[in-house]
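Residues per chain, in single letters:
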Amino acid sequence: KQEVTQIPAALSVPEGENLVLNCSFTDSAIYNLQWFRQDPGKGLTSLLLIQSSQREQTSGRLNASLDKSSGRSTLYIAASQPGDSATYLCAVKGQAGTALIFGKGTTLSVSS
Amino acid sequence: DTAVSQTPKYLVTQMGNDKSIKCEQNLGHDTMYWYKQDSKKFLKIMFSYNNKELIINETVPNRFSPKSPDKAHLNLHINSLELGDSAVYFCASSQDGRGPSSKLFFGSGTQLSVL
């Protein structure tokens, strides 16, 4: 059964720092992997999606990488800003027609 | 225009009551989901429907019954509510037919509090 783990559970950084959030999964046979952002009291917003055949995806200051063989993904945030403060969730899809399995998230706090 | 909308946003009710949460998506997606986020913020799949057909049914009590009148709607009915049902329930949708590039879109959640 697929399990998704995110480390660290919480992270506090000063504004301007580059940071990396980690995600690991137990079953490397994945369809895709998605990173989401959740603000307090809000729903989830999809940030990046990496297909199983891809190694990375970039959107603005965000870069997500995927290493299927080692069961790992990282989300790199460049030049962090207070507005980046949120919980970041990693989720993997095992195959078409299955649901995303989520990690417990990393809560990021960026101070000005 | 809201892509995935859920109602109500907040639901406070007594133990033993029956309640429903409604979800609608206007993205033309063929697959809809219900997720539950517990007090520790862990998000777990409950149900998934593809073109009105149930395709995923995780170990959820029989008191929870999803209903999909058409592929744009997926409602969740809960009978005999218990304290442990208190959580945030999220509806989501995706277009599975678009292959591995298909993203998941979430509603803003329904916070259920059972007293």
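Residues numbered from 1 in each chain as written. Chains lettered and ligands numbered in written order. Predicted model: local features only at pLDDT ≥ 70, side-chain atom pairs only at ≥ 80, totals over all residues. Heavy atoms only, no water.

Chemist: Help me out: how do you make sense of the confidence of the model for chain A in this one?
Modeler: When pLDDT drops low, the exact placement of atoms in the prediction is not to be read closely. Averaged over all residues, the pLDDT of chain A equals 94, while 100% of them reach at least 70. The spread of mean pLDDT over the elements of chain A runs between strand β10 (residues 100-102) of chain A, the lowest at 92, and strand β8 (residues 72-77) of chain A, the highest at 98. (pLDDT = per-residue confidence, 0-100. Helix = DSSP H or I, 4+ residues; strand = E, 2+ residues; numbered from the N terminus.)

Chemist: How do you make sense of the sheet that holds β8 of chain A when you look at a structure like this?
Modeler: The strands making up a sheet associate through hydrogen bonds between their backbones, and the pairing can be parallel or antiparallel. Residues and elements named next belong to chain A. Pairing is antiparallel in the open sheet, where 5 strands are placed in the order β1-β3-β8-β7-β6. The open sheet has two free edges, formed respectively by β1 (4-7) and β6 (56-59), since each of these has just one partner strand. The mean inter-strand angle of the sheet, taken between neighbouring strand axes irrespective of direction, is 15°. One ladder, built from 6 bridges, connects strand β3 (residues 19-25) with β8; its direction is antiparallel. The partner of Val20 across the bridge, within β8, is Tyr76. (Pairing = 2+ DSSP bridges. Axes fitted to C-alpha atoms, helices over the stretch in contact; angles between N-to-C directions.)

Chemist: Hey, could you run me through the state of the cysteines in this one?
Modeler: What is meant by a disulfide is a covalent connection between two cysteines, made through their sulfur atoms. Summed over the entire model, instances satisfying the criterion amount to 2 disulfides over all chains. Note on cysteine connectivity: Cys23 of chain A is disulfide-linked to Cys90 of chain A, with sulfurs 2.0 Å apart. The S-S bond linking Cys23 of chain A to Cys90 of chain A shows a torsion near -60°; that makes this disulfide left-handed. In this pair, Cys23 of chain A sits in strand β3 while Cys90 of chain A sits in strand β9 (residues 86-93), placing the two residues 67 residues apart along the sequence. With respect to class, Cys23 of chain A is no different from Cys90 of chain A; both count as buried. Paired by a disulfide, Cys23 of chain B and Cys91 of chain B hold their sulfur atoms 1.8 Å apart. Taking the torsion about the S-S bond as the criterion, the Cys23 of chain B to Cys91 of chain B disulfide, at about -80°, is left-handed. A residue pair is termed long-range when its members are at least 10 positions apart, and Cys23 of chain B in strand β3 (residues 19-25) and Cys91 of chain B in strand β9 (residues 87-94) qualify at 68 residues. Side by side, Cys23 of chain B and Cys91 of chain B carry an identical accessibility label, which is buried. (Disulfide = S-S within 2.5 Å. Buried < 20%, exposed > 50% of the residue type's maximum accessible area, 1.4 Å probe, protein only.)

Chemist: I keep staring at the interface of chain A and chain B and nothing clicks. Help me out?
Modeler: At the interface, 21 residues of chain A touch 20 residues of chain B. Between chain A and chain B the total buried area reaches about 1700 Å² when both faces are included, carbon and sulfur atoms providing 58% of it. Counting across the interface, chain A meets chain B through 0 salt bridges. Across the contact surface, chain A and chain B share 3 residue pairs in polar contact (both at pLDDT 80 or more). Listed by contribution, the elements that provide at least two residues to the side of chain A that touches chain B are β4 (32-38), β5 (44-51) and β10 of chain A. Broken down by element, the side of chain A that touches chain B gets its largest block of residues, 5 residues, from β5 of chain A. In the side of chain A that touches chain B, the residues fall into 8 nonpolar, 10 polar and 3 charged. (Contact = heavy atoms within 4.5 Å. Buried area = accessible area lost by both parts, 1.4 Å probe. Salt bridge = Lys/Arg side-chain N within 4 Å of Asp/Glu carboxyl O. Polar contact = N/O pair within 3.5 Å; in protein donor to acceptor, adjacent residues only side chain to side chain. Nonpolar A, V, L, I, M, F, W, Y, C, P; charged D, E, K, R; others polar.)

Chemist: I keep staring at the sheet that holds strand β8 (residues 73-78) of chain B and nothing clicks. Help me out?
Modeler: Residues and elements named next belong to chain B. Reading across the sheet, the 4 strands line up as β1-β3-β8-β7 and stay open at both edges, with antiparallel pairing between neighbours. Each having just a single partner strand, β1 (4-7) and β7 (64-70) make up the two edges of the open sheet. Ignoring which end each strand starts from, the neighbouring axes of this sheet average 20° apart. Pairing analysis gives 4 bridges linking β1 to β3, with the strands arranged antiparallel. Each residue of the ladder has a partner; that of Thr7, found in β3, is Lys22.

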